[in-house]
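Geometric and topological summary
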Amino acid sequence: MRVLKIVMAMAAIAPAVAACGGSSADAAARPTVVASFYPYAFVAEQVAGDHATVANLTAPGLEPHDLELTPQQVADIQDATVVVYEKGFQPAVDEAVDQSPQGLTLDTTTVVPLEDTGAPAEPGDPGEPALSGDPHVWLDPNRLAAITEAVAAELSRADAGHAAAYRANAIRLVARLHALDRDYREGLADCERTQFVTSHAAFGYLAQRYGLQMIAISGLSPDAEPSPQRLSELAALVRQDGITTIFSEVLASPALADTLAREVGVQTAVLDPIEGLPDANSQQNYLTIMRANLAALRQANGCR
């Protein structure tokens, strides 16, 4: 009888052990999506749901312009099922992708071509490659919606068995992005002023979409240093046009914005270009940060 009980107990445990082993095998078999930095990792996570693993090459708190890949990250790109990146934005990623990864690659500039948004020319860094347009397309929710649909299409090609789930997840995210777009259009429709001054020329697409005028202290790179003449011109413009706020950002130094604000006697606030989250424990995401940006713009511009 005792032997029989032991056999029965082992039989009861076996399915659970098999289930655990199956779960581990399923996880190993899941598609892997490697995203070059946060906005595209956010999209990939929303589209993938529980059916694919998403890795972000740019760690929280790191400025994506400065990304240098580790050997392991280069290997991850080579082995990924899908790589989502923006060609021209992170040269190290471009180089790794050019080494013929095994899986699919989605260059977002083939979905949303970069445009000249009128950002000021870079004042320095002659060794840096020239950008063919403003790379900050994710700050326009409609453009990010188009990228969302493209990510779903690539994942569906790679993992046809879950294509319906990827499409459904993409539809949900696109609906949320369109709701965000509606909130911006309504929230910025009736304002005392349309100009805003920011430390980094990241908001050109957002400004174009919602009828604003971005005035940037530095150019498309947050590390670019403006000339003294440029700072003097900005100070005069702020005084002349009654601008109330100088915006800095999360991952770059606020020193220039703070200096200009002190000189002209206005306040400072944060306008986040959402190039990355500040730390791994952040409870924010793309949608919540975009709504915080909207609130900051409304307050600075006296919107009703």
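Presented here is an overview of the structure given in this document. (Residues numbered from 1 in each chain as written. Predicted model: local features only at pLDDT ≥ 70, side-chain atom pairs only at ≥ 80, totals over all residues. Heavy atoms only, no water.)

Under the criterion given, the structure shown has nine salt bridges. Glu115 is the partner of Arg143 in a salt bridge, and the nearest nitrogen-oxygen pair spans 3.0 Å. Pair noted here: Arg143 is in helix H5 (residues 141–158) and Glu115 is in the loop between strand E4 (104–107) and H5, with a separation of 28 residues, a long-range link. Here Arg143 ties to Asp140 by a salt bridge, and the two come within 2.6 Å at their closest N and O atoms. (Salt bridge = Lys/Arg side-chain N within 4 Å of Asp/Glu carboxyl O. Helix = DSSP H or I, 4+ residues; strand = E, 2+ residues; numbered from the N terminus.)

Counted under the stated rule, the structure contains one cavity of 30 Å³ or more. Breaking the lining of the largest cavity down by element, the ones donating at least two residues are strand E5 (195–198) and strand E7 (245–248). Classifying every residue of the lining of the largest cavity by side-chain character gives four nonpolar, four polar and one charged. (1 Å grid on protein atoms, 1.4 Å probe; cavity = no way out; pocket = protein on both sides within 12 Å on 5 of 7 lines; lining within 4 Å. Points joined across faces, edges and corners; volume = space filled by probe spheres on them. Nonpolar A, V, L, I, M, F, W, Y, C, P; charged D, E, K, R; others polar.)

Across all of its chains, the model carries nine aromatic pairs by this definition. When the centroid spacing of 6.3 Å and the interplanar angle of 80° are considered together, the rings of Phe196 and Phe203 count as edge-to-face. An aromatic cluster is built from Phe37, Tyr40, Phe89 and Trp138, whose rings are joined through pairwise contacts. (Phe/Tyr/Trp six-rings, centres within 6.5 Å; stacked < 30°, edge-to-face > 60°.)

Turning to the sheet that holds strand E2 (residues 53–56), a few remarks are in order. Taken together, four strands build an open sheet; the order of strands is E2-E1-E3-E4 and the sheet is parallel. Edge positions in the sheet fall to E2 and E4, since each of these pairs with one other strand and no more. Each neighbouring strand pair of the sheet contributes to a mean axis angle of 15°, computed without reference to strand direction. As judged from the three bridges shared by strand E1 (residues 32–35) and strand E3 (residues 82–85), these two strands associate in the parallel manner. Bridging from a neighbouring strand, Ala35 pairs with Val84 of E3. With respect to the sheet, helix H2 (residues 38–48) is in contact with E1, E2 and E3, its orientation differing from that of E2 by roughly 175°. (Pairing = 2+ DSSP bridges. Axes fitted to C-alpha atoms, helices over the stretch in contact; angles between N-to-C directions. Contact = heavy atoms within 4.5 Å.)

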